[in-house]
Amino acid sequence: MTSSPLAELSTHVQDLLARVRGALTLSDLLADEPFIVGKRSILSSLQKSLGALAPEDRKEAGATLQEARRVVEEAFVERRRVLEALRRAQELEADRLDLGDVVVSQVRTPLAVGHPGIVAATQRELEDVFVAMGFTVSDGPEVESDWYNFEALNIPPAHPARGMWDTFYVDLGEPETVVLRTHTSPTQIHLMEEAVAAGTLPIHSVMPGRCYRRDTPDARHLAAFHQIEGLVVDRDITFADLAGVIETFTHAYFGADISSRLRPAFFPFTEPSAEFEITCTICRGDGCRTCSQTGWIELGGCGMLDPAVLEAVGIDGEQWSGFAFGFGIDRCAQMRHQIADMRALIDNDVRFLRQFS
Ligand code: DAH
């Protein structure tokens, strides 16, 4: 009896499985593929030799060999999957190392996160102070009609008082009928109109926002700047209420050692009107160059609502009275942080901006 060609099959299978396990890289395994599961494998040779068997033995031997091939092929496929995954991981690792420095430095130095600019931060602080005093905060448009910016505020067309505001006109509609607001005072008009229409008087509100003037920027002026307007319309409001609000605000925002004073002035929309000044924050009142040796710095204007303004918005001046004030937010920031030149606010020099983070 000739020995079966499959006599040593299990040894061959063990050898082949060892070869599969012994391949440590995908390319090694693939290089060996023809000898493990391909045409040059011992299993293929054995397959051919089965032809010499008697037909009755051939079927069983064929099935045995088929099972052996299945085992080896399964091991091969599994090993290939593992080595492919390994290679992918190595490629990723290599990529990461290529970028090594960048990745590491980003992890060590967190990306710089921005912070509100000094004007925005000042506006929020001012809003907080006034909200704590019982005011609401309102918004108004930056593009206004001549009526809101001037006429309703008792500044008729061609009136000399218009010279107080160098105005940017918008090329819209009739010439000189649409303007970039020169102050936040027109928002007073919107608020009063709305309150009259909705029947919601009294009003205690502040209105911060951007304003525009045809000014050449200098150490104390910007062409686009910010104001905050205050408006109180209620019963029995007196000038003493106005002075009290200004003084309370001044202490709350600038500190206990900074006071306010009111000096007679003229504004078309208030009567009487005043300029309000605060103790110079540079010299604390002793007198210096910034305050022209007076010890005082002008911050804004204020006064009792002019009857003509109440009339323009349909408020009965017999029943209601009120006051208004307005001052520069940028100027406030300048005084509070002792910024010598206001143009620093728009220069975008990060060395300046970072001081206020
Ligand atoms: N709107 C004025 C200006 O920009 C400032 C001002 C003065 C506002 C008196 C007021 C006020 O509300 O009563 O020059």
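Residues numbered from 1 in each chain as written. Predicted model: local features only at pLDDT ≥ 70, side-chain atom pairs only at ≥ 80, totals over all residues. Heavy atoms only, no water.

Peer 1: Which residues make up the sheet that holds strand E8 (residues 296-305), and what are the values?
Peer 2: Across a sheet, paired strands are connected by hydrogen bonds in the backbone, their directions being either parallel or antiparallel. One open sheet holds the seven strands; their spatial order is E1-E4-E5-E9-E8-E7-E6, and the pairing between them is mixed. Since the sheet does not close on itself, it has two edges, and those belong to strand E1 (136-137) and strand E6 (260-267), each with one partner. One ladder, built from seven bridges, connects E6 with strand E7 (residues 270-279); its direction is antiparallel. Residue pairing in the sheet places arginine 263 in a bridge with glutamate 275 of E7. Those strands touched by helix H6 (residues 118-132) are E1, strand E4 (203-212), strand E5 (224-234) and strand E9 (321-328), and its axis lies near 10° from that of E5. Here helix H11 (residues 329-337) sits on the sheet in contact with E4, E5, E8 and E9, set at roughly 60° to E9. (Pairing = 2+ DSSP bridges. Helix = DSSP H or I, 4+ residues; strand = E, 2+ residues; numbered from the N terminus. Contact = heavy atoms within 4.5 Å. Axes fitted to C-alpha atoms, helices over the stretch in contact; angles between N-to-C directions.)

Peer 1: Residue-level account of H6, with values.
Peer 2: Over its 15 residues, H6 extends 21 Å from the first C-alpha to the last, a length consistent with the 21 Å expected when each residue adds 1.5 Å. Every buried residue of H6 is listed here: Ile118, Val119, Thr122, Gln123, Leu126, Glu127, Val129 and Phe130. Just downstream of H6, glycine 134 is the residue with a positive phi angle, here 100°. (Expected span 1.5 Å × (residues − 1). Buried < 20%, exposed > 50% of the residue type's maximum accessible area, 1.4 Å probe, protein only.)

Peer 1: Outline the site of the ligand, listing residues and values.
Peer 2: In the vicinity of the ligand lie 16 residues, with His183, Ser185, Arg213, Gln227 and Glu229 positioned nearest. Glutamine 188 is positioned with one of its side-chain polar atoms (N or O) 3.1 Å from an oxygen atom of the ligand. The backbone of alanine 324 places a nitrogen or oxygen atom 3.2 Å from an oxygen atom of the ligand. Of all the elements in the fold, those that place two or more residues in the shell around the ligand are helix H8 (185-198), E5, E8 and E9. Split into classes, the residues belonging to the shell around the ligand amount to six nonpolar, eight polar and two charged. (Near = heavy atom within 4 Å. Polar contact = N/O pair within 3.5 Å; in protein donor to acceptor, adjacent residues only side chain to side chain. Nonpolar A, V, L, I, M, F, W, Y, C, P; charged D, E, K, R; others polar.)

Peer 1: I'd like to hear about the environment of aspartate 330, residue by residue, with values.
Peer 2: Among the structural elements, aspartate 330 can be located in helix H11. Taking C-alpha positions, aspartate 330 is 7.6 Å from glutamine 227, a pair spaced 103 residues apart along the chain. When neighbours within four sequence positions are excluded, aspartate 330 is seen to be in contact with Val119, Leu222, Phe225, His226, Met342 and Leu345. Within the structure, aspartate 330 has its side chain in polar contact with the backbone nitrogen of histidine 226 (distance 2.5 Å).

Peer 1: Describe in detail the packing of helix H9 (residues 239-254) against H11, supporting the description with residues and values.
Peer 2: Between H9 and H11, whose axes approach to 11 Å, the crossing angle comes to 55°. With respect to H11, the element H9 is oriented oblique. Taking contact as the criterion, the partners of Phe249, Tyr253 and Phe254 in H9 are, on H11, Cys332, Met335 and Arg336. For the contact of H9 with H11, a count of residues per class yields five nonpolar, no polar and one charged. (Parallel < 35°, antiparallel > 145°, perpendicular 65-115°, else oblique.)

Peer 1: Now, about the packing of aromatic side chains: what can you tell me, with residues and values included?
Peer 2: Within this structure, the stated rule accounts for 16 aromatic pairs. A centroid spacing of 6.3 Å and a plane angle of 55° characterise the contact between phenylalanine 150 and tryptophan 165, whose relative ring orientation is tilted. Placement of phenylalanine 150 in the loop between helix H7 (146-149) and strand E3 (178-180) and of tryptophan 165 in the loop between H7 and E3 is noted, with a sequence separation of 15 residues between them. Between tryptophan 165 and phenylalanine 269, the ring centres sit 6.1 Å apart and the planes meet at 35°, which makes this aromatic pair tilted. Here tryptophan 165 is found in the loop between H7 and E3, whereas its partner phenylalanine 269 is found in the loop between E6 and E7, with 104 residues between them in sequence. Since its relative accessible area comes to 6%, tryptophan 165 is described here as buried. Taken together, the ring pairs connect Phe130, Phe135, Phe249, Tyr253, Phe254, Phe276, Phe323, Phe325 and Phe327 into an aromatic cluster. The positively charged end of arginine 235 is found above the aromatic ring belonging to tryptophan 320, 4.2 Å away from the centroid. The residue whose ring lies beneath arginine 336 is tyrosine 253, and the NZ or CZ to ring-centre distance is 4.5 Å. (Phe/Tyr/Trp six-rings, centres within 6.5 Å; stacked < 30°, edge-to-face > 60°. Lys NZ or Arg CZ within 6 Å of the ring centre and 35° of its normal.)

Peer 1: Account for the nonpolar core, with residues named and values stated.
Peer 2: Side chains of nonpolar character tend, in soluble globular proteins, to be buried together. Counting residues in hydrophobic clusters, the biggest one holds 43 residues, and the most contacted among them are Phe130, Phe249, Phe254, Leu299, Phe325 and Phe327. Considering each element in turn, this core owes the most residues, six residues, to H9. In this structure phenylalanine 249 touches Leu126, Val129, Phe130, Met133, Phe254, Leu299, Phe327 and Cys332, once residues within four positions along its chain are discounted. Ranked by size, the runner-up nonpolar core spans 24 residues in total, among them Ile155, Val309, Trp320 and Ala324. (Core = buried A, V, L, I, M, F, W, Y, C linked by side-chain atoms within 4.5 Å.)

Peer 1: Could you give an account of unusual backbone geometry, with specific residues and numbers?
Peer 2: In this model, leucine 201 is joined to proline 202 through a cis peptide bond whose omega is 5°. Mapping proline 202 onto the fold places it in the loop between H8 and E4. Cis geometry marks the peptide bond from glutamate 271 to proline 272, where omega comes out at -5°. Within the secondary structure layout, proline 272 lies in strand E7. Even without being glycine, aspartate 236 reaches a positive phi, approximately 60°.

The values reported here are purely geometric and, on their own, carry no functional implication.
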